[in-house]
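Observations on the three-dimensional arrangement
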Amino acid sequence: MNLDTLKAFASDGGRSILDLFEQDVDRAHVFSASTGDMLFDYSKTQIDTDIRAALIRLCDEAGLADRRDAMFAGAKINETEERSVLHTALRNLDGGPVDVDGLDVMPGVLDTLQRMRVFAEEVRGGAVAGAGGSFTDVVNIGIGGSDLGPVMATHALAPYHDGPRLHYVSNVDGAHIADVLRQLDPTRTLVIVASKTFTTIETMTNARTARAWMVDGGGEPARQFAAVSSALDKTQAFGIPEQRVFGFADWVGGRYSVWGPVGLPVMIAVGSTAFDAFLRGGQAMDVHFRAADWSENMPVMLALTGIWHRQVLGYASRAVLPYDQRLLRLPAYFQQLEMESNGKSVAMDGSALTIPSGPVVWGEPGTNGQHAFYQLIHQGTDVIPCEFMVAAEGHEPELTHHHRLLLANCLAQSEALMRGRSLDEARQRMADKGLTGEECERQARHRVFAGNRPSTTLMYPKLTPFVLGQVIALYEHRVFVEGVLLGINSFDQWGVELGKELATSLGPIVDGAEGTETKDGSTAALVAYAMLHRETE
């Protein structure tokens with residue numbers, strides 16, 4: 001990325017956002033983008049017309065349009081793994097053929113989707129049942145993208161949840177699966193094992209524990225297990241019938257996989273009609289991303305705002321703040337999406353990256369966060385750009401007063417970050433309380449808010465399956481755009497490999513075998529401590 005032009009604007013990161021509003025009464029409309037009923041407002045940043053034009057030039061210089069079109073066309077843009085990147089095909093319900101190596105993949109995608117619909121509705125209706133009757137509960141066993149996506153979507157779509165109860169197990173810590181299974185009936189529980197290769201050690205360890213629990217409790221694994229995997233030989237060896245195995249190709253990365261078979265538990269929970277609406281929301285954002293001019297393109301402007309804050313102004317952190325309790329797992333989902341995708345230090349050509357890569361992404365739902373970490377956001381020494389999101393309307397008409405209070409809080413926080421409170425204003429507040437002299441000055445300084453802290457706001461009418469699909473696809477494309485501008489591969493994740501390899505080598509040593517002499521002093525000492533304090537098994 002050539003930041004030379006933008007570096008000239010870096011000092012503008014300190015100018016007053018309030019002054020920009022005073023200079024342009026239409027700023028809120030000029031510095032926003034929309035698609036359908038969704039609005040993205042980035043006017044509470046220091047971006048102006050000249051800065052936006054310079055940022056957009058980066059898109060053209062990087063060949064963003066060609067790269068985008070190559071992705072949708074099935075080109076192998078994941079160059080380090082020689083793979084296409086086609087999670088978009090999973091939601092391409094009526095968008096035409098998509099070729100990979102000269103073969104249209106859409107018939108297979110749509111066939112798998114139809115098999116999912118049939119299975120989900122049979123589970124929901126009781127035609128597919130366990131040893132003890134219709135399924136009351138579903139346990140999804142996965143990790144990473146095979147867990148975060150469906151967990152997030154299940155919480156988000158709670159108002160549409162009319163199927164069996166859903167539970168998720170991801171951590172290899174035995175406490176996780178123990179706490180989930182102890183509340184369930186092993187004869188009326190469906191277990192879905194989500195692992196593309198069916199070799200993921202955490203997932204398979206939990207799967208074997210779940211199978212043993214089911215057998216001991218009178219359940220029948222052959223009737224009560226399903227798999228999301230492309231390894232039919234391994235699923236068959238595990239005892240899962242082929243008709244209950246739903247596979248997906250290697251051109252779907254784990255963190256992009258909720259649109260397909262990984263979303264099976266969500267489909268069971270909310271039904272195939274609602275899940276189709278989720279897919280259509282994602283498809284609608286794809287259409288917008290491919291058609292809209294850069295300045296009106298929501299994923300592009302979200303990405304360029306991120307580039308402005310991270311690569312130009314140097315803000316190392318980004319807070320995602322959904323004002324919706326049902327989006328409580330969305331920050332974690334976006335954390336994986338962005339940090340696993342763009343947490344790189346090497347450019348596509350193998351050279352060292354000379355600019356900062358992706359930011360640290362974190363957050364929690366409002367209003368809870370206001371009583372936790374917002375103190376640092378408002379008065380800490382580091383500037384943390386905030387990304388608010390909120391619906392205009394909630395799902396509970398009898399609790400409209402709750403939602404109005406929620407909305408007021410969301411809007412107030414972005415205004416407070418921008419407006420702040422000056423020392424003079426703080427002095428006056430303390431004087432009104434009767435303080436004078438040095439004590440008035442001391443107390444006033446603790447109540448100063450620097451303000452001028454940037455934020456964006458994403459608003460939508462209501463959190464429906466369609467809107468959730470729009471939001472997820474919006475952020476997927478945002479990550480893609482940022483990766484193109486950074487010149488990195490957003491679709492591999494080699495950074496997770498080394499730890500896995502070392503864990504494999506440490507397994508026998510932790511089990512009691514010799515070999516600590518091959519490890520560093522710290523690791524050897526920690527193994528010795530664990531073995532010394534291990535209870536006799």
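Structure's up top.
The rules we used
- Residues numbered from 1 in each chain as written.
- Predicted model: local features only at pLDDT ≥ 70, side-chain atom pairs only at ≥ 80, totals over all residues.
- Heavy atoms only, no water.
- Helix = DSSP H or I, 4+ residues; strand = E, 2+ residues; numbered from the N terminus.
- Rg over C-alpha atoms; globule rule 2.2 N^0.38 Å.
- Contact = heavy atoms within 4.5 Å.
- Areas by Shrake-Rupley, 256 points an atom, 1.4 Å probe, with all protein chains shown as cover.
- Salt bridge = Lys/Arg side-chain N within 4 Å of Asp/Glu carboxyl O.
- Buried < 20%, exposed > 50% of the residue type's maximum accessible area, 1.4 Å probe, protein only.
- Pairing = 2+ DSSP bridges.
- Axes fitted to C-alpha atoms, helices over the stretch in contact; angles between N-to-C directions.

Overview of the overall build of the protein chain
Counting secondary structure elements, the protein chain contains 22 helices and 15 strands. Relative to its length of 537 residues, the protein chain is compact, with a C-alpha radius of gyration of 25 Å against a globular reference of 24 Å. Seen through its C-alpha atoms, the protein chain measures out along the principal axes to roughly 75 × 60 × 60 Å. In the protein chain, the share of contacts with a sequence separation of at least 24, taken over all contacts with a separation of at least 6, comes to 74%. For the protein chain, the accessible area works out to roughly 23500 Å², and carbon and sulfur atoms hold 51% of it.

A few points about the pattern of salt bridges
Evaluation of the coordinates by the stated rule reveals 30 salt bridges. Between E338 and R318 there is a salt bridge, with the nearest N and O atoms lying 2.8 Å from each other. In this pair, E338 sits in helix α15 (residues 330-342) while R318 sits in strand β12 (residues 317-322), placing the two residues 20 residues apart along the sequence. Under the relative-accessibility criterion, E338 is labelled buried at 3%. When the shortest N-O distance is used, the salt bridge between E396 and R326 registers 2.7 Å. Taken together, the residues E396 in the loop between β14 (386-391) and α17 (400-419) and R326 in the loop between β12 and α15 connect sequence positions 70 residues apart.

Brief notes about the sheet that holds strand β11 (residues 245-246)
Spatially, the five strands line up as an open sheet ordered β8-β7-β9-β10-β11, and their pairing is parallel. Where the open sheet ends on each side, the last strands, each with one partner, are β8 (165-169) and β11. Contacting β7 (137-141), β8 and β9 (189-194), helix α7 (residues 145-156) runs over the sheet at an angle of about 150 degrees to β8.

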